[in-house]
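# Fold and contact review
Single-letter residue listing:
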Amino acid sequence: MRAIGKRLWMATLAAVLALAAAGCGSPASNGAGQGDANSGEPIVIKFSHVTTPDSPKGQAAEKFKELAEQKTNGRVKVEVFPSGQLYGDKEELEALQAGNVQMIAPSVTKLVGLNPAFQIVDMPFLFNSREAVLKFWDGELGQKLMKSLEPHGILGLAMWENGFKQFTNSKRPLKRPEDFKGLKFRTQAGKVLEAQFKALGAGAATIPFNETYVALQQGTVDGQENTFNNIDTQRYAEVQKYLTVSNHGRLDYVVLVNKSFWEGLPEDIRKALEEALKEATEFERQLAYELDQKSFENLKKAGMEVYELTEEDKEAFRKALEPVYAEFADVIGKEFIDGARALK
Ligand code: LMR
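Residues numbered from 1 in each chain as written. Predicted model: local features only at pLDDT ≥ 70, side-chain atom pairs only at ≥ 80, totals over all residues. Heavy atoms only, no water.

As recorded by an unreviewed UniProt entry, the protein carries the name C4-dicarboxylate ABC transporter and is attributed to Calditerricola satsumensis. Its UniProt record gives the protein a comment under Sequence similarities (unreviewed entry), which states: "Belongs to the bacterial solute-binding protein 7 family." (UniProt positions renumbered as here; feature names shortened; annotations may be inferred.)

On to the pattern of salt bridges, then. Applying the stated criterion to the full structure yields 27 salt bridges. The partner of R130 in a salt bridge is E161, and the shortest N-O contact between them spans 2.7 Å. Highlighted residues: R130 in helix α4 (residues 130-138) and E161 in strand β4 (residues 154-164), separated in sequence by 31 residues. Residue R130 shares its accessibility class with E161, and that shared class is buried. Taking the shortest distance from any N to any O, the salt bridge between K259 and E263 comes out at 3.3 Å. In this pair, K259 and E263 both sit in helix α9 (residues 259-263), four residues apart, roughly one turn of the helix. Of the residues examined, E263 reaches a relative accessible area of 46% and is grouped as partly exposed. Three or more residues joined by partner-sharing salt bridges are found here, namely R130, E161, R250 and D252. (Salt bridge = Lys/Arg side-chain N within 4 Å of Asp/Glu carboxyl O. Helix = DSSP H or I, 4+ residues; strand = E, 2+ residues; numbered from the N terminus. Buried < 20%, exposed > 50% of the residue type's maximum accessible area, 1.4 Å probe, protein only.)

Attention shifts here to the sheet that holds strand β11 (residues 305-308). In spatial order, the strands read β7-β6-β8-β5-β9-β11; together these six strands make up an open sheet with mixed pairing. Pairing within the sheet leaves two strands with one partner each, and these edge strands are β7 (203-206) and β11. Pairwise comparison of adjacent strand axes, ignoring direction, gives a mean angle of 25° for this sheet. Relative to strand β8 (residues 223-226), strand β5 (residues 166-169) runs antiparallel, the two being bridged by four bridges. (Pairing = 2+ DSSP bridges. Axes fitted to C-alpha atoms, helices over the stretch in contact; angles between N-to-C directions.)

What follows covers helix α10 (residues 267-301). Compared with the 51 Å implied by 1.5 Å per residue over 35 residues, the 50 Å span of α10 between its first and last C-alpha is a close match. Just downstream of α10 lies G303, where phi reads positive at about 95°. (Expected span 1.5 Å × (residues − 1).)

In terms of burial, strand β1 (residues 43-48) is a largely internal element, six of the six residues being buried. Residues I43, I45 and F47 line one face of β1 and the alternating positions V44, K46 and S48 line the opposite face, and both faces are buried. In this sheet, strand β2 (residues 76-81) lies alongside β1 in parallel orientation, the contact comprising six bridges. Bridging across to β2, F47 finds its partner in V80. One crossover worth recording links β1 to the parallel β2 by way of helix α2 (residues 56-71), and it is right-handed. Bridging between β1 and strand β3 (residues 103-104) involves two bridges; their strand directions are parallel. Paired with F47 across the two strands is M103, which belongs to β3. (Right-handed = clockwise from strand over helix to strand, strands pointing away.)

Tracing the chain through its elements places D138 in helix α4. For the pair formed by D138 and M159, sequence separation is 21 residues and the distance between their alpha carbons is 7.8 Å. What D138 contacts, discounting residues up to four positions off in sequence, is Q143 and R285. A polar contact of 2.9 Å, which involves the side chain of D138, links it to the side chain of R285. (Contact = heavy atoms within 4.5 Å. Polar contact = N/O pair within 3.5 Å; in protein donor to acceptor, adjacent residues only side chain to side chain.)

Moving on to helix α6 (residues 191-199). Those residues of α6 that sit buried are V192, L193, A195, Q196 and F197. Of the surrounding secondary structure, the elements contacted by the buried residues of α6 are β5, β6 (184-187), β7, β8 and α12 (322-332). The positive-phi residue at the C-terminal boundary of α6 is G201, with phi of around 80°.

Taken in spatial order, the five strands make up an open sheet running β2-β1-β3-β10-β4, and their pairing is mixed. Strand pairing shows two members of the sheet lacking a second neighbour, β2 and β4, which therefore form its edges. The pairing of β3 with strand β10 (residues 250-258) spans two bridges and is antiparallel. From the neighbouring strand, M103 faces β10, where its bridge partner is V257. Contacting β1, β2, β3, β4 and β10, α10 crosses the sheet at an angle of about 15° to β4.

Below, the structure is given as C-alpha cells:
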C-alpha cells in the first residue's frame, strides 16, 4: 500500500509541476499565437506523450527537439512532456485538437474514436512481419488512414514504431486459448481488443497507460498485452509473473500535429521541422527494434516465466479468434485488411 501511495503521490506532483510549466489553464488556442517569426520570441511546440523518457518514443521526442531547435537556429523551442505528466491517454488527443499542445504520438489504436479503421493494428495475427507493418504505414493505405484525421483538425506526419504485442498475466502460463478463460485484461482502447479477449473467454477493461501498473498491482485486472519494451520500461515484471510471446498484434504510433498550428508556420520553419521529423523517425525506428529485443532479455533476467507460442498454438489462437474477423472486417474495411495481409 505504501508503494502505491508513493507512486500516486509522485505522479500527482509531477502532473502539477508539468501543468504549471506548460502554462495550462490558459485559454485554448491553436498555439500559432505563441511567438511568431517577427516577434523574436521562439515558437513553442509542446510535445506530450505517455511513455518513459528512455522508451523509443521518449528518446525520439528528445531527438526531434534537438534537431528541430538546431535546424531552425533556435526559432523553435520544443518542450517534451513524457510519462503522461501533462495529459494521459484520454486527454492528449483533445488537448491537441484544442491547441493546448502542438504535438503528440499516441498508439494507433487510440485513434479509434476518430476512425475505427485504426483498429487494424489490433486484428489478431494480421501483419506477417515487422517489414510488412512498415510498408503498410509508408504506403498508400497507411497514408489514407493518416489523411482521414484532417477533418478533425489533425495532421498525421509520421509512423513511429514500438513492436509486436505479447501477453502478460499474474495467474498462470498462457499457452492455448483455453488458458485465458475467466481472466481479466487491461486494454488500450476500442472494441476490437474487447472482442479479442471475449473470444478467448476473458474479460477486458480499458485503462489508461499511466494507471495500468497500479491496476495490475491491485488485481483490478490480471493481465495486459504490450510490447517487450513497454512491459520492461513500465516495470510490469514486478507485478506480472507470466509472459507469452505471441506477436499477435501491433503497437505503433502516429506522430500528430495540430493542423492549423502546422499550416500557420512560416514555410522555412515548417520545412526545417519536416526534415527534423524525418531524421527523428529514422532514428526512432532503428532504436525501437533494438530496444524491444533488449527488453525481452531484461524481462527474462527479471524472472518472468516465458512461453513462446509454437506454430501449432498460433493456429489454435487464429481459429479461436475468427469471431473478431467476422465482427470487425467491415468496420475496418476489406481494403485495409486484405492490403495488410498481402504484405510480406
Ligand atoms: C499503451 O497504452 O499500452 C500504449 O499505447 C502506451 C504507449 O504509448 O506505448
